[in-house]
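# Observations on the three-dimensional arrangement
Listed here are the chains, written in short residue letters.
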Amino acid sequence: MLKKERFLKILSELDKNDIVTVNDLTTLLNCSDMTIRRDLEELSESGKLIRIHGGAQKISVSPLEEASHVEKRQVHIKEKQELAKLAANQIDNFDTVFIGPGTTLELIAQNITKDINSLRVVTISIPVFESFKNSDLNCELILAGGIYRSRSGTLIGALASNAVNGLKFDKAFVGVNGIQNSQIMTANTEEGRIQSVALNNSQTKYIVADRYKLNRNDFYTFYSLDDVDYLVTNKSTSKETIDYYQQYLRLITK
């Protein structure tokens, strides 16, 4: 079988199964495992798949139009609640934290169960601001002003960016639309730039991404996993995916 035919077969299997193993492909294509490994490496280098231990994983691509804030609230609710609890557990008394936009992050306030006597929260997200304002937490709440972006309920632009740039944080929690290899992506460039500033200004950096965001592309790469401390994701994430991302940073799954 010609290399081009093998490549087409491998990509066809990924379309059907999302993950393929070297053992499965050697049987399917009647090739040596060395040949399959070389094929997977070449396809990975050309951006056609993601190489994982013992096989490969499909790259998911986000749709051209970003889902609205209201639409995002309706999907993967269980996974988002799980992550909000994990993220909330990282917040301690007297912390100054940045919390970015996102339907997972706006659930953090209701999941803080520790005895918090003093907390400072900075955000560019109106829904995150409202969730903390309506909570019983004793916190100083700061909303960085800017231009309102209705699709995500976020304040963006130079005003918001300059405000965040002048602040320092103990911890920053940032959501994403996609992560592929070390690239952290979102749909809007200005949101991404402000979140990049917040991460740079934070002692401890957290990326919060449910398992559906992993191995997924989006429009704008704004940060690298190599520069992040923790990835907060679901415990139901596949072992292969967890093993793959542990090469970049530490994972929090429970």
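Calculation criteria
Residues numbered from 1 in each chain as written. Predicted model: local features only at pLDDT ≥ 70, side-chain atom pairs only at ≥ 80, totals over all residues. Heavy atoms only, no water. Helix = DSSP H or I, 4+ residues; strand = E, 2+ residues; numbered from the N terminus. Pairing = 2+ DSSP bridges. Axes fitted to C-alpha atoms, helices over the stretch in contact; angles between N-to-C directions. Contact = heavy atoms within 4.5 Å. Phe/Tyr/Trp six-rings, centres within 6.5 Å; stacked < 30°, edge-to-face > 60°. Buried < 20%, exposed > 50% of the residue type's maximum accessible area, 1.4 Å probe, protein only. Domains from an automatic or database assignment. Buried area = accessible area lost by both parts, 1.4 Å probe. Salt bridge = Lys/Arg side-chain N within 4 Å of Asp/Glu carboxyl O. Parallel < 35°, antiparallel > 145°, perpendicular 65-115°, else oblique. Nonpolar A, V, L, I, M, F, W, Y, C, P; charged D, E, K, R; others polar. UniProt positions renumbered as here; feature names shortened; annotations may be inferred. Right-handed = clockwise from strand over helix to strand, strands pointing away.

Moving on to unusual backbone geometry. The residue Phe-94 is not glycine, and still its phi comes out positive at about 75°. By the element assignment, Phe-94 lies in the loop between helix H5 (77-88) and strand E5 (96-99). The phi torsion at Asn-181 lies on the positive side, around 50°, for a residue other than glycine. Here Asn-181 shows up in the loop between strand E11 (178-180) and strand E12 (183-186).

Strands sit in the order E11-E12-E15 across an open sheet of three strands; the sheet is antiparallel. The outermost strands of the open sheet, each flanked by one partner alone, are E11 and strand E15 (220-224). Recorded for the sheet is a direction-independent mean angle of 35° between the axes of neighbouring strands. Here E11 pairs with E12 via three bridges, running antiparallel. Its bridge partner being in E12, Gln-180 is matched across the sheet by Gln-183. Against the sheet, helix H8 (residues 189-200) touches E12 and E15, its axis set at about 5° to E15.

Under the defined criterion, the tally for this structure stands at six aromatic pairs. Their ring planes at 90° and their centres at 5.1 Å tell us that Tyr-244 and Tyr-245 sit as a pair that is edge-to-face. Considering the side-chain rings of Tyr-245 and Tyr-248, the 6.3 Å spacing of their centres and the 45° angle between planes classify their relative orientation as tilted. According to the relative accessible area criterion, Tyr-245 is buried, its value standing at 0%. A network of ring pairs unites the aromatic residues Phe-173, Tyr-206 and Tyr-230 as a single cluster.

Along its sequence, the protein chain is organised into domain 1 (3-58) and domain 2 (69-252). On a C-alpha basis, the centres of domain 1 and domain 2 stand 34 Å from each other. Listed by partner, the interface residues are seven residues for domain 1 and seven residues for domain 2. Of the roughly 570 Å² buried where domain 1 meets domain 2, counting both sides, 59% is carbon and sulfur surface. For domain 1, the biggest contributors to the area lost against domain 2 are Ile-50, Ile-52 and Gln-57; these three give 62% of the whole. Between domain 1 and domain 2 we count zero salt bridges in total.

Okay, the packing of helix H1 (residues 3-17) against helix H3 (residues 33-45) next. Direction vectors running N to C along H1 and H3 enclose 75°, while the axes themselves pass 11 Å from each other. Taken together, the axes of H1 and H3 are roughly perpendicular relative to one another. Between H1 and H3, the contacting residues are Lys-3, Arg-6, Phe-7, Ile-10 and Leu-11 on the first element and Thr-35, Asp-39, Leu-40, Glu-42 and Leu-43 on the second. For the contact of H1 with H3, the per-class residue count stands at five nonpolar, one polar and four charged.

Attention now goes to the UniProt feature "domain: HTH deoR-type" (unreviewed entry) in the protein chain. When the UniProt feature table is mapped to this numbering, "domain: HTH deoR-type" (unreviewed entry) covers residues 3-58. For residues 3-58, the helix share is 64%, the strand share is 16%, and the end-to-end C-alpha distance is 19 Å.

Successive residues of a regular strand alternate their side chains across the two faces of the sheet. With respect to burial, strand E6 (residues 119-123) is a largely interior element, four of its five residues being buried. With four bridges connecting them, E5 and E6 associate as parallel partners. Following the sheet pairing, Thr-96 is matched in E6 by Arg-120. Taken together, E6, helix H6 (residues 126-133) and strand E7 (residues 139-143) constitute a β-α-β crossover, and its handedness is right-handed.

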